[in-house]
Structure formats: structure tokens, C-alpha cells
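Spelled out from the first residue to the last, the chains are:
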Amino acid sequence: MSNFQTLSFNHSCDPGLDLKEFANTEDEQLYNDLIKDEYIARKCADRDKRIKDIRLYIDELAPEILSEDNKNLNNLFVVDIGPGPGELLEIARNHGYDHLGFDALLDDCEMGDKYIRFSHLMARRQDLKIEYCDFYKSISILPLANNSTVLINSRGSIEQVFRDHLEGVPHKVHKDAKQLAWRVDENLKTAFSIMFNEFSRVLSPSGIILIHGNGASNVEDYNKLIFETISKIDTLHVEASDGERLHKIRKIN
């Protein structure tokens, strides 16, 4: 097991990520109403800060994705599971990648109804390709071709995707994953195996999976499950981990 190391990266914000005009006055009014919500305002009002944070996240954990040396990868997809307003997908598109996000249904989001409505509104405003679905039902058949994807990212969404395998009061009530616990049984092991095998299918050679969980109470069990699952898939290996909730997994050439 290896640990993540601090890498050098550029702290400047990407150019070319300006906000687009709203398509209609109804969307603009909806934005003005939703941004007044305390939770949304705290998480999303400072767009520049979010973009810088996400850019640093990529540059620290997967710097090769946005490297100028990797222009030959730009016809591939960057996939974000739980993209929220979609800034990571915007950054990827700005660097020449195709992009696809998967987020919760508008009436079934563990982050709350207002948050997913705001995220949907911003994705529409910025013209992003995001599918709103029950991603758990898609883990065996992703709408992507073999070897088509350079990065699959899940930052803060793994607990929401596998919510039926968690014990405790639902996340949407308290928005605190640490109040939940993974139920590590054969059903969860099978679901993880199906998902990671499908990720391997769509990843290009040397493609990357980044999973940064929020961290349920039994992160040791979760971490062990990740390593055990990947060890049984010949095409993947855990390249780096913090030993708890952060894992960088690479497809072996």
C-alpha cells in the first residue's frame, strides 16, 4: 500500500470557465431563490473557490490528466459520479476532453432536493452532459465504449450511490456520512466487484479511478473492501491510498 504524496501544481484558476447567461428568466429566478438556501450558499455561492479547489484536487491526485503532455488523450471521456454543479466536468471540457456526469434523480437525492435542483440548474446553464438517474442501477452497464475514458471520479458520492448498503439514519437527514456505517456483506462485495469490473472495461489503458469517500464510521472495513475487490481484478491496481477513504486506482496496460 502506498500513500498519496504532495505534488507540485499550478494554483491559478483555469481561463475559459465563465458563467453563461441563463436561458430564460425562470431559470434566473430559480437560481436567485435557491442560492438563498444556507446549505447551498455555503457549498456553491463561491464558484471561483470551488473551481480552484477542484483544479487542485485533480492536479494533486491525477496531474497527468491535465498535463500539456497528454493532448493525445483529449478525445477521451472524463466521467464524474455525483458532479453537483459540474465544475470538474467544465474543467475537463475546457482541456479538450469529452465529459459525462451521473447524478441523482431530482426527487431522490441524498444531498437534499434543493441541492440537486440547484446542481441541475447549473449544469443546464453551463451546457454540461449529465444523466440524472439511479447510478446504482447503472454500475453493470455504463453508456460508454470500451477504453473510452481517461478518468472516473467519485468525490463524496460513493456513500450516496451505495446508500442501501449503509446502516443508520439516511444521509439526506443529517448530511453527515460519519453517522452511517457500511454493511459489508456478500451483497456489497458483489456490487463493488460489478462496478469496478465495469469501470475497467470503459477505462483506457493507464486510465484512473479516483474515489474520495466522505468516510462512514467504519472506514477501516471500507478500505479493506476496496483493496480486496481490486486485488481480484487483474486489470486494476490501487496505486495510492490514504488507508481510509481516498483511493487512486489505475488500469494496468
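Above this text sits the structure in question.
Points about the sheet that holds strand 1 (residues 77-81)
Note: strands within a sheet are paired through backbone hydrogen bonds, in either parallel or antiparallel orientation.
So, point 1. Strand order across the open sheet formed by seven strands is 3-2-1-4-7-9-8, with mixed pairing between neighbours. Since the sheet does not close on itself, it has two edges, and those belong to strand 3 (130-132) and strand 8 (236-241), each with one partner. Across the sheet, the mean angle separating the axes of adjacent strands is 15° when strand polarity is ignored.
So, point 2. In this structure, strand 1 lies alongside strand 2 (residues 98-103), joined through five bridges in parallel fashion. The partner of Val78 across the bridge, within strand 2, is His99.
So, point 3. Packing against the sheet, helix 5 (residues 113-125) makes contact with strand 2 and strand 3, and its axis sits at approximately 145° to strand 3.
So, point 4. Contacts from helix 8 (residues 186-202) reach strand 1, strand 4 (149-155), strand 7 (203-212), strand 8 and strand 9 (246-251) within the one sheet, and its direction differs from that of strand 7 by about 140°.

What about the packing of aromatic side chains?
Each pair of aromatic rings is reported with the distance of its centres and the angle of its planes.
So, point 1. Tallied over the full model, the rule gives 12 aromatic pairs.
So, point 2. Taking 6.4 Å as the distance between ring centres and 55° as the angle between the ring planes, the aromatic pair formed by Phe162 and Trp182 counts as tilted. A residue pair is termed long-range when its members are at least 10 positions apart, and Phe162 in the loop between helix 6 (158-161) and strand 5 (166-167) and Trp182 in strand 6 (residues 181-182) qualify at 20 residues. Note on accessibility: Phe162 and Trp182 belong to one class, buried.
So, point 3. A centroid spacing of 6.0 Å and a plane angle of 75° characterise the contact between Phe192 and Phe196, whose relative ring orientation is edge-to-face. Of the two residues, Phe192 and Phe196 are both situated in helix 8; the distance of four residues between them amounts to about one turn of the helix.
So, point 4. The exposure class of Phe192 is buried, given its relative accessible area of 0%.
So, point 5. Aromatic ring contacts, followed pair by pair, group Tyr136, Phe162, Trp182, Phe192, Phe196, Phe199 and Tyr222 into a single cluster.
So, point 6. Lying over the aromatic face of Phe22, Arg125 brings its terminal NZ or CZ to 3.8 Å of the ring centre.

As for the pattern of salt bridges
So, point 1. This structure, assessed with the given rule, holds 14 salt bridges.
So, point 2. Residues Arg155 and Asp53 are paired through a salt bridge, measuring 3.0 Å at the closest nitrogen-oxygen approach. Placement of Arg155 in strand 4 and of Asp53 in helix 3 (residues 47-61) is noted, with a sequence separation of 102 residues between them.
So, point 3. Between Arg183 and Asp185 there is a salt bridge; the shortest N-O distance is 3.8 Å.

Looking at a negative patch on the surface
So, point 1. A surface patch of like charges, here negative, comprises Glu220, Asp221, Asp242 and Glu244.
So, point 2. Relative to the helices and strands, Asp221 resides in helix 9 (residues 219-231).
So, point 3. For Asp221, a relative accessible area of 39% puts it in the partly exposed group.

Concerning the side chain of Ser241
So, point 1. If you trace the backbone, Ser241 turns up in strand 8.
So, point 2. Within polar-contact distance, the side chain of Ser241 engages the backbone oxygen of Leu246 at 3.2 Å.
So, point 3. Within the structure, the side chain of Ser241 is placed 3.4 Å from the side chain of His247, a separation counted as a polar contact.

Scoring rules and cut-offs
Residues numbered from 1 in each chain as written. Predicted model: local features only at pLDDT ≥ 70, side-chain atom pairs only at ≥ 80, totals over all residues. Heavy atoms only, no water. Pairing = 2+ DSSP bridges. Helix = DSSP H or I, 4+ residues; strand = E, 2+ residues; numbered from the N terminus. Axes fitted to C-alpha atoms, helices over the stretch in contact; angles between N-to-C directions. Contact = heavy atoms within 4.5 Å. Phe/Tyr/Trp six-rings, centres within 6.5 Å; stacked < 30°, edge-to-face > 60°. Buried < 20%, exposed > 50% of the residue type's maximum accessible area, 1.4 Å probe, protein only. Lys NZ or Arg CZ within 6 Å of the ring centre and 35° of its normal. Salt bridge = Lys/Arg side-chain N within 4 Å of Asp/Glu carboxyl O. Patch = residues over 30% accessible without salt bridge, like charges linked within 9 Å, V, L, I, M, F, W, Y side chains within 5 Å. Areas by Shrake-Rupley, 256 points an atom, 1.4 Å probe, with all protein chains shown as cover. Lys, Arg positive; Asp, Glu negative; His and termini not counted. Charge placed at Lys NZ, Arg CZ, Asp CG, Glu CD. Polar contact = N/O pair within 3.5 Å; in protein donor to acceptor, adjacent residues only side chain to side chain.

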